[in-house]
Amino acid sequence: VGNSFTFPATLVPGTMYTVSAWWTAASNRSTAAPYEIRDGATLLATVPVNQRLNGGQWNVLGTFTFTGASASVRLVVAGGVTIADAVRFVPVTGPVEVIMDNLSSGVTSVGTWSPSSTTGFWGTNSVFSATVGNTFTWPATLVPGTTYEVYAWWTAASNRYTAVPYQIRDGATLLGTVPVNQRLNGGQWNLLGTFAFTNAGASITVVQAGGITIADAVRLVPVP
């Protein structure tokens, strides 16, 4: 534990790349091996992976924009047996779909958000809040000047609020606030709307406005 292995890469500055990793799988592997993706000295994301699964293939860690020519992926031993094999950087020629989970790197929250016991979540789990005014925000790095369909995923139950506000922002500009009934349509992607983003930095914020509010995942799909 604590050992690390770093893969350096020389990239084209200002280019978006899909970053993937390859490992061999076995029952003694770490279930949350952290891959740290860096743009120069800047940590873009830490992606935990279960190396007991999906061995012998390329597994996508995410899509990132690198501002400098120097990049790296650092794998840290956090438990069990951890494999360092290979990483791959594939330049993206056009906008790609972006999914941000409640456990994704960079998410922020105000107030207490606790793990929910309700099934039907996206990814590992979802979180909930019962305090009005609490917020949960997913950031997203997009291609400027692109239109995206924005979706949200939540788990449904009878105690959910019926008009949960989702705020969609392009940089600091609020593009729209979409109320949704979280008692319905759980366990699936639900379209919030289609929005044009002029900046690379976007965000979606869910606001606790009553009852129980779930924060799980959001998805942005580029419109051709």
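Structure: see above.
Residues numbered from 1 in each chain as written. Predicted model: local features only at pLDDT ≥ 70, side-chain atom pairs only at ≥ 80, totals over all residues. Heavy atoms only, no water.

### With respect to the pattern of salt bridges
For the structure on display, the rule yields three salt bridges. Among the salt bridges present, the one from Glu36 reaches Arg38, with a minimum N-O distance of 2.6 Å. Given a relative accessible area of 12%, Glu36 falls into the buried group. The class of Arg38 is partly exposed, set by a relative accessible area of 23%. Its salt-bridge partner being Glu97, residue Arg219 comes within 3.2 Å of it at the nearest N-O pair. Taken together, the positions of Arg219 in strand E19 (residues 217–222) and Glu97 in the loop between strand E7 (86–91) and strand E8 (98–101) put the pair 122 residues apart, joining distant regions of the chain. What emerges from the salt-bridge pattern is a single network uniting Glu36, Arg38 and Arg74. (Salt bridge = Lys/Arg side-chain N within 4 Å of Asp/Glu carboxyl O. Buried < 20%, exposed > 50% of the residue type's maximum accessible area, 1.4 Å probe, protein only. Helix = DSSP H or I, 4+ residues; strand = E, 2+ residues; numbered from the N terminus.)

### Topic: the layout of surface pockets
Rolled over the atoms, a probe with the dimensions of a water molecule shows which regions are left empty. When its volume is computed, the largest pocket comes out at roughly 1200 Å³. Around the largest pocket, the lining comprises 34 residues; the ones closest to its centre are Val47, Leu61, Gly62, Ile99 and Ser104. Mapped by element, the contributors of at least two residues to the lining of the largest pocket are strand E4 (42–49), strand E5 (59–66), E8 and strand E12 (135–141). Of the residues forming the lining of the largest pocket, the biggest block, seven residues, is contributed by E5. Among the residues making up the lining of the largest pocket, the classes are represented as 19 nonpolar, 13 polar and two charged. (1 Å grid on protein atoms, 1.4 Å probe; cavity = no way out; pocket = protein on both sides within 12 Å on 5 of 7 lines; lining within 4 Å. Points joined across faces, edges and corners; volume = space filled by probe spheres on them. Nonpolar A, V, L, I, M, F, W, Y, C, P; charged D, E, K, R; others polar.)

### What about the packing of aromatic side chains?
Throughout the structure, instances matching the rule amount to 15 aromatic pairs. With a centroid separation of 5.1 Å and an interplanar angle of 75 degrees, the aromatic rings of Trp153 and Trp189 are classed as edge-to-face. One end of the pair, Trp153, is in strand E13 (residues 146–153); the other, Trp189, is in the loop between strand E15 (173–180) and strand E16 (190–197), with 36 residues separating them in the sequence. Like Trp189, Trp153 is buried. Site record: aromatic cluster; members linked through ring pairs are Trp113, Phe136, Trp138, Trp154 and Tyr166. Residue placement shows Arg219 over the ring face of Tyr151; its charged tip is 5.3 Å from the ring centre. (Phe/Tyr/Trp six-rings, centres within 6.5 Å; stacked < 30°, edge-to-face > 60°. Lys NZ or Arg CZ within 6 Å of the ring centre and 35° of its normal.)

### Some details on the sheet that holds strand E2 (residues 15–22)
Pairing is antiparallel across the open sheet formed by three strands, whose spatial order is E5-E2-E7. A strand with exactly one partner marks an edge of an open sheet, and here the two such strands are E5 and E7. Adjacent strand axes in the sheet meet at a mean angle of 25 degrees, parallel and antiparallel pairs treated alike. Taken together, the six bridges between E2 and E7 define a ladder with antiparallel strand orientation. By the bridge assignment, Trp22 is partnered in E7 with Ala86. (Pairing = 2+ DSSP bridges. Axes fitted to C-alpha atoms, helices over the stretch in contact; angles between N-to-C directions.)

### So, the environment of Arg52
Secondary-structure assignment places Arg52 in the loop between E4 and E5. In sequence terms Arg52 and Thr63 are 11 residues apart; their C-alpha atoms lie 23 Å from each other. In terms of polar contacts, Arg52 uses its side chain to reach the backbone carbonyl oxygen of Ser27, at 3.1 Å. (Polar contact = N/O pair within 3.5 Å; in protein donor to acceptor, adjacent residues only side chain to side chain.)

### Looking at the side chain of Gln208
Structurally, Gln208 is set in the loop between strand E17 (201–207) and strand E18 (213–215). In this structure, Gln208 is in contact with Ser129, Ala130, Thr131, Val132, Gly133, Asn134 and Thr213, ignoring residues within four places of it in sequence. (Contact = heavy atoms within 4.5 Å.)

### Some words on the sheet that holds E19
Pairing is antiparallel across the open sheet formed by four strands, whose spatial order is E8-E19-E13-E16. At either margin of the open sheet sits one strand with a lone partner, and together these are E8 and E16. Strand-to-strand twist in this sheet, taken as the mean axis angle between neighbours without regard to direction, amounts to 20 degrees.

### Focus on the pairing of E13
Of all eight residues that make up E13, six are buried, and the element is covered over most of its length. Where E13 meets E16, seven bridges bridge the pair, whose relative direction is antiparallel. Looking at the pairing, Tyr151 lines up with Leu191 of E16. Direction of pairing for E13 relative to E19: antiparallel, over a ladder of six bridges. Bridge pairing in E19 places Glu149 opposite Val221.

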